[in-house]
Amino acid sequence: MIEVKGATKIYDKTTVAVRDIDLKINKGDFVFLVGPSGSGKSTLIRLLMREERPTEGEIYVAGKEIGGMPDSKVPFHRRVVGTVFQDFKLLPNKTVFENIAFALEVIGHPRHVVESQVPKVLKLVGLASKGDRYPRQLSGGEQQRVSVARAFVNRPLILLADEPTGNLDPATSVGIMRLLDRINRTGTTVVMATHDHAIVDAMRRRVVELERGRIVRDDSRGVYEGLRTMEVPAVPANGQTDASTSELAADESLPDGTPMSLESDIGMGNA
Amino acid sequence: MRAEYLIGEAAANLRRNLLLAIGAVLAVFISLLMTYAALIVGEITRTTTLQWQEGVTIIGYLHEADLADHTAVIEKAESWPEVETATYFSKAQAYEEFKELFANRDRWIELVEPAKIPASVRIVLADTEAHRAVVDQLAKEPTVRKVVSPEDNLNDVLTVSKFLNFGAILLGATLGVSALVLIANTVRMAIYARREEIGIMKLVGASNWFVRTPFLLEGLIEGLLGAGLAVAVGWVGYQWLLGSFDIGVIETDLPTSFLLSRGMLVLLFGGVVGVLGSAVGLRRWLKES
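Read on for a plain summary of the structure.

Now for the overall build of chain A. A tally of regular secondary structure across chain A gives 9 helices and 10 strands. Within chain A, the fraction of its 271 residues that count as buried is 51%. For chain A, long-range pairs separated by at least 24 residues make up 66% of all intrachain contacts whose partners lie at least 6 apart in sequence.

The following block contains the structure:
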């Protein structure tokens, strides 16, 4: 689904954001990109959505090389990739319904598709009754759900999320993670950059750790701070406490380190 | 729904930036009004000149002399290759013409003695370009007292009108550039006002043309509005001048087809300026994916 081959991104000819990245992500995978600020997580996400071109190397997404893709083809690439950001990026003057509909309208879907798809996805994210609200009338968690709904409404093959829980409190974050997990279970590949130890540790999914632009660890069922499997200078723990972890665990009534079970309370439904 | 959407967006942009849009429309209007006026004046000059040039006549007034001397000059003039015809115009004929020309000015006719009006040779040129040479050559003839030619006056008119035309076109072009810049600026402002929306459109895979079209339409509408205004004002202004002044010898009555075809040209030009202006404004965005 995604294959990165020797990708390097250098900004302004001097700042190396990612260096010689090799990464393969299969269809239906759920991958966390972890690492300290400036390690290159966001750059990698931006490369995958083709917001940036790699300075060197190739990036294949859904069978197409996107690094050297002409700009005119990029919109089609974006249609197979949904994106979610820390700051939601909702339009303040449009309602929840309109924000989601916008994503379908601008790629040319007719009205009947909009009218059938938007309510479905609103239901999926648990905001069925709030379609006519404006973003400012919603909590942060709800706004992020809208943003996820918008990313998912045209059924992308891949969902890229850059710190989607970065602005949310731990309990709200759990809700967003449940949603992403549920979307992942529909077969959508999810790649999420995050700082959130608690989430990574609780979900027990594939963890790719970056440091100074290089991949230093790739665990198939990893935790946030695992043993480095590749040569690395040790990084001091960054002082983030595990308070949120315990809160998450308490909330989910799960022992630390077990995969989060989500089916029980959301079910597989109509996704 | 798409066409509806695109036009709606363009209209919304215009409304949001009304003051700037008005400025851009006015700049296009003034620039194209100058151009349209220059086209009209140019055509008036051209048709008038044509009328005068048709069978342009050089008149050589002759000294008092024998008929034989006069005939010699005429035969000589007729032998020049640039000359089509050289005809003798006797004192009597000249007096008749004088009376005809000033038929309503009896006092002038009373005052003029037929004998005082000189005989002349009238030359119709085969090659109007050679006008100057023929005038010079004719003046050298001893029997010829004075050579006059309407072209002398014509040249003055032509010089002045060329100068005016050039000035109008130059001014029109300068204003055209400023109109383009103003349109580029309004489009840039509109983009800036909607940058979040555009960012999201690109994020979810809206095609580049889908993003650009409303802005190009905005420029097109501004350009066409300005041009339409220019044509309307130019046309009405021309009709009004036509009704108000009778400039005698000047052929001012242009065919409607001319006004219409040049009006179309001006409209087209306005549209092009508008689209070009918004393309300039969009340039940064056209490059980005």
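In this section: the environment of Leu217(B). All names here are of chain B. Mapped onto the secondary structure, Leu217 falls in helix α9 (residues 208–244). Between the C-alpha atoms of Leu217 and Ala11, which are 206 residues apart in sequence, the distance is 8.7 Å. The residues touching Leu217, leaving out its near neighbours within four places in the chain, are Leu6, Ile7 and Ala10.

Once that is clear, we can look at the sheet that holds strand β3 (residues 120–125) of chain B. All names here are of chain B. Across the sheet, 4 strands lie side by side as β2-β3-β1-β4; this open sheet has antiparallel pairing. What marks the edges here is a single partner per strand, and that holds for β2 (83–89) and β4 (144–148). With strand direction ignored, the average angle separating the axes of adjacent strands in the sheet is 20°. As judged from the 4 bridges shared by strand β1 (residues 57–62) and β4, these two strands associate in the antiparallel manner. Looking across to β4, one finds that Ile59 is bridged to Val148.

Another aspect to go through is the side chain of Ser147(A). With respect to the helices, strands and loops of the structure, Ser147(A) is situated in helix α5 (residues 140–152). When sequence neighbours within four positions are dropped, the list of residues in contact with Ser147(A) reads Val84(A), Phe85(A), Phe88(A) and Leu90(A).

What follows deals with the pairing of strand β3 (residues 30–34) of chain A. Residues and elements named next belong to chain A. Most of β3 is tucked away, with 5 of its 5 residues classed as buried. Burial of β3 is two-sided: the residues Phe30, Phe32 and Val34 facing one way and the residues Val31 and Leu33 facing the other way are all buried. When β3 meets strand β8 (residues 189–193), the two strands line up parallel, connected through 4 bridges. Note on β8: the bridge partner recorded for Phe30 is Val190.

Any space left empty among the atoms is revealed by the rolling of a water-sized probe across them. Per the stated rule, a full pass over the model turns up 3 cavities of 30 Å³ or more. Looking at the largest cavity, its volume works out to about 80 Å³. Lining the largest cavity, in full, are Arg78(A), Val81(A), Gly82(A), Thr83(A), Ala103(A), Arg150(A), Ala151(A), Asn154(A), Leu203(B) and Val204(B). Listed by contribution, the elements that provide at least two residues to the lining of the largest cavity are β6 (81–85) and α5 of chain A. The greatest single-element share of the lining of the largest cavity, amounting to 3 residues, is contributed by β6(A).

All names here are of chain A. Relative to the helices and strands, Asp87 is located in the loop between β6 and α3 (96–105). Exposure remark for Asp87: the relative accessible area of 46% places this residue in the partly exposed category. In sequence terms Asp87 and Leu168 are 81 residues apart; their C-alpha atoms lie 10.0 Å from each other.

All right, on to the interface of chain A and chain B then. Counting residues at the interface gives 25 residues for chain A, matched by 19 residues for chain B. Between chain A and chain B the total buried area reaches about 1,800 Å² when both faces are included, carbon and sulfur atoms providing 61% of it. Among the residues of chain A in contact with chain B, Arg78(A), Phe102(A) and Val106(A) are the three that bury the most area, contributing 29% of the side total. The interface formed by chain A and chain B contains 2 residue pairs in polar contact (both at pLDDT 80 or more).

Definitions and limits used
Residues numbered from 1 in each chain as written. Chains lettered and ligands numbered in written order. Predicted model: local features only at pLDDT ≥ 70, side-chain atom pairs only at ≥ 80, totals over all residues. Heavy atoms only, no water. Helix = DSSP H or I, 4+ residues; strand = E, 2+ residues; numbered from the N terminus. Buried < 20%, exposed > 50% of the residue type's maximum accessible area, 1.4 Å probe, protein only. Contact = heavy atoms within 4.5 Å. Pairing = 2+ DSSP bridges. Axes fitted to C-alpha atoms, helices over the stretch in contact; angles between N-to-C directions. 1 Å grid on protein atoms, 1.4 Å probe; cavity = no way out; pocket = protein on both sides within 12 Å on 5 of 7 lines; lining within 4 Å. Points joined across faces, edges and corners; volume = space filled by probe spheres on them. Buried area = accessible area lost by both parts, 1.4 Å probe. Polar contact = N/O pair within 3.5 Å; in protein donor to acceptor, adjacent residues only side chain to side chain.

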